[in-house]
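Listed here are the chains, written in short residue letters.
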Amino acid sequence: LLGSVTQIVKQSSEFEGDEEVRDLWGTVPRSMFTLFQVMTMADWAEPVRHVMTKMPWLAAFFILFIGVTAFAIMNLVIGIICESTLSAVNNDEREVNLKLEEEWRTLLESLHDIFDTMNHNSDGAISRDDFLDALQDDKVVGRLLAVGIE
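Residues numbered from 1 in each chain as written. Predicted model: local features only at pLDDT ≥ 70, side-chain atom pairs only at ≥ 80, totals over all residues. Heavy atoms only, no water.

Focus on the environment of Thr 40
Tracing the chain through its elements places Thr 40 in helix H3 (residues 28-40). Thr 40 sits in the partly exposed class, given a relative accessible area of 38%. Taking the C-alpha atoms as reference, Thr 40 lies 8.3 Å from Ala 70; in sequence the two are 30 residues apart. (Helix = DSSP H or I, 4+ residues; strand = E, 2+ residues; numbered from the N terminus. Buried < 20%, exposed > 50% of the residue type's maximum accessible area, 1.4 Å probe, protein only.)

Some points on the packing of H3 against helix H5 (residues 58-118)
For the pair H3 and H5, the least separation of the axes is 9 Å and the interaxial angle reads 65°. When the axis of H3 is compared with that of H5, the two are roughly perpendicular. Crossing hand, H3 versus H5: right-handed. Contact residues: Leu 35, Val 38 and Met 39 in H3; Phe 61, Phe 62, Phe 65, Ile 66, Thr 69 and Ile 73 in H5. Each residue belonging to the contact of H3 with H5 can be placed in one class, and the counts come to eight nonpolar, one polar and no charged. (Axes fitted to C-alpha atoms, helices over the stretch in contact; angles between N-to-C directions. Parallel < 35°, antiparallel > 145°, perpendicular 65-115°, else oblique. Left-handed = near helix turned anticlockwise from the far one by under 90°. Contact = heavy atoms within 4.5 Å. Nonpolar A, V, L, I, M, F, W, Y, C, P; charged D, E, K, R; others polar.)

Some details on unusual backbone geometry
Despite not being glycine, Met 41 shows a phi value in the positive range, around 60°. Tracing the backbone through its elements, the reader meets Met 41 in the loop between H3 and helix H4 (45-52). Met 41 gets classed as partly exposed once you look at its relative accessible area, which sits at 42%. Unusually for a residue other than glycine, Asp 43 sits at a positive phi of about 60°. Mapped onto the fold, Asp 43 is located in the loop between H3 and H4. Using a relative accessible area of 64% as the deciding quantity, one classes Asp 43 as exposed.

Structure representation (structure tokens):
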């Protein structure tokens, strides 16, 4: 595509002696820079207008080029924004999961401590009497209430 524009301008007799066109479109690197100008819309009108005055059919090329590159740049920017947003959501989700995991671990440790307190004979089992005795202790009741057991 780029080579085509360069070849058209280079081989066209309409641009013989036109130094401005040769400076802007005469070689592939110059054409690349000029098309970069057109793509970024930075001072693009003059180079395009100068070529189109002698070859109006190139307007279709420039319209297509601007449309395609603007679409590509817009998709690139939107893609970066979406990727950034998804990354932030994933990080937030990981943080929430880690916090829930820590809360769950703390709850299980508290329950373990409470039931160790209730297990008077250290046999690993809590009898009904051990449980009812523990419920008379305000500390045990307070700890059970703290973990959501009423």
